[in-house]
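Fold and geometry: a report
Residues per chain are reported as follows:
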Amino acid sequence: MKKIIAAIDGLKYAESTVQFAIQIARETQSHLVGVFLEDFSYHSYSIYELAPRLEPWEQQLRKLNEQDLVSRAESVEKFTALCHKADIEFNIHHDRNFALPELLHETVYADLLIIGKNETLSPFPHVPPTGFLRDLLGDIQCPVLVVPEDFELVDKIVLLYDGQPSSMFAIKMFSYLLPFMKMLPVEILTVKPQDENLHVPDNRLMKEFSRRHFHNASYHVLHGAAEQEIVKYLKESERPPLVVLGAYQRSLVSRWFRQSMADVLMEKLDSPLFIAHT
């Protein structure tokens, strides 16, 4: 039995994250852990909201903290009820220290993390990819499924493949962890420079592998800049496909100067992203 963890902000309960997690846990007969990120430094309010109010700030603070406790308890109750309804094995972790290192530590002992692409662990909204998610993906210790805000059943899989070991690692991990999705239409997408041929990299080896893992796979090779062509191609789908890609991990300096493909896809699309790196 696999162990899947779902990262949940109890103050901004993400329905989509829980729905994806329960569906996958049920289909794969996995054990689901709801990791409720209850960072002691994070609240639903900003400290600046306290100043304009008439009542003493101690009373304001007490009321707001009590409201946060109620919101977090209600989120746990929602998650628990849905897991019971789905008849899956589950348990709950309350991570009350700093959220990022706590969640990274959880991923060391998990087969898959599921998290919403809008997670910020902040009372303020951020445009995806959020800083919290970028930092998480840079150091994560298991594959991750980053899901959009609205839940939709997936009806197609797109595997991003460039011939590098990192892309093959992600494809393998997807095949091993989510075998029930391999019954869906699978497209293997490659983008090459204009001066190269339209053959799939390592054509014979790749097709030999895919025949044994993806029985109905089709191949698409495009010319041009990878970020532009991949986004353009994916936008042509009637419904957002699930996209599989590798190699998020880079140095901090590299992250400052160049977006990863995952960053681009989170910014431009609403597709679920399965990301795995060695």
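Residues numbered from 1 in each chain as written. Predicted model: local features only at pLDDT ≥ 70, side-chain atom pairs only at ≥ 80, totals over all residues. Heavy atoms only, no water.

1. Looking at the nonpolar core
Among the nonpolar cores identified, the biggest contains 44 residues, and Leu32, Phe174 and Phe274 are the most heavily contacted of them. Looking at this core, you find at least three residues from each of domain 1 (3-147) and domain 2 (157-276). When residues no more than four places from it in sequence are discounted, the contact partners of Leu32 are Ile4, Ala6, Ala21, Ile22, Ala25, Phe79, Cys83, Ile88, Glu89, Phe90 and Asn91. Counting residues in each nonpolar core, the second largest holds 40 residues, with Val35, Leu137, Val231 and Tyr233 among its members. (Core = buried A, V, L, I, M, F, W, Y, C linked by side-chain atoms within 4.5 Å. Buried < 20%, exposed > 50% of the residue type's maximum accessible area, 1.4 Å probe, protein only. Domains from an automatic or database assignment. Contact = heavy atoms within 4.5 Å.)

2. Things to note about the domain arrangement of the chain
On domain assignment, one finds that the chain holds domain 1 (3-147) and domain 2 (157-276). For domain 1 versus domain 2, the separation of C-alpha centres amounts to 28 Å. With 19 residues of domain 1 at the contact, the number on the domain 2 side is 20 residues. Around 1800 Å² of area is buried between domain 1 and domain 2 when both sides are counted, 65% of it from carbon and sulfur atoms. Across the pair Asp270 and Lys117 runs a salt bridge whose closest N-O atoms are separated by 3.1 Å. On the surface where domain 1 and domain 2 come into contact, there are six residue pairs in polar contact (both at pLDDT 80 or more). Among the elements of the structure, α1 (15-28), α4 (131-139) and β5 (144-147) are those that each provide at least two residues to the side of domain 1 that touches domain 2. The element contributing the most residues to the side of domain 1 that touches domain 2 is α4, with six residues. (Buried area = accessible area lost by both parts, 1.4 Å probe. Salt bridge = Lys/Arg side-chain N within 4 Å of Asp/Glu carboxyl O. Polar contact = N/O pair within 3.5 Å; in protein donor to acceptor, adjacent residues only side chain to side chain. Helix = DSSP H or I, 4+ residues; strand = E, 2+ residues; numbered from the N terminus.)

3. Here we look at the pairing of strand β6 (residues 157-160)
Alternating residues of β6 divide into Ile157 and Leu159 and Val158 and Leu160, and every residue in both groups is buried. With four bridges joining them, β6 and strand β7 (residues 186-192) adopt parallel strand pairing. Residue Ile157 lies in a different strand from β7, and its bridge partner there is Val186. With respect to chirality, the unit in which β6 leads through helix α5 (residues 165-177) into the neighbouring parallel β7 is right-handed. Relative to strand β9 (residues 242-246), β6 is paired through three bridges, and the arrangement is parallel. Bridge pairing in β9 places Ile157 opposite Leu242. (Pairing = 2+ DSSP bridges. Right-handed = clockwise from strand over helix to strand, strands pointing away.)

4. Notes on α1
With 14 residues, α1 extends 20 Å from end C-alpha to end C-alpha; this agrees with the ideal 20 Å at 1.5 Å per step. Burial analysis of α1 places 10 of its 14 residues in the buried class, the great majority of the element. When we look at burial in α1, the residues that qualify are Ser16, Thr17, Val18, Phe20, Ala21, Ile22, Gln23, Ile24, Ala25 and Thr28. A positive backbone phi angle near 55° is found at Gln29, which sits one or two residues after α1. (Expected span 1.5 Å × (residues − 1).)

5. Focus: helix α7 (residues 226-235)
Listed in full, the buried residues belonging to α7 are Ile230, Val231, Tyr233 and Leu234. Viewed end-on, α7 has its buried residues packed into an arc of 165°, placing them on one side of the element. Opposite the packed face of α7, turned more than 90 degrees from it, sit the exposed residues Gln228, Lys232 and Lys235. In this structure, the buried residues of α7 make contact with β6, β7, β8 (217-223), β9 and α9 (261-268). (Arc of directions from axis to C-beta.)

6. Considerations on the pattern of salt bridges
Taken as a whole, this structure holds six salt bridges when the rule is applied. Residues Lys156 and Glu187 are paired through a salt bridge, measuring 3.5 Å at the closest nitrogen-oxygen approach. On the criterion of sequence distance, the pair formed by Lys156 in the loop between β5 and β6 and Glu187 in strand β7 is long-range, its members being 31 residues apart. Glu187 matches Lys156 in its accessibility class, with the two residues each being buried.

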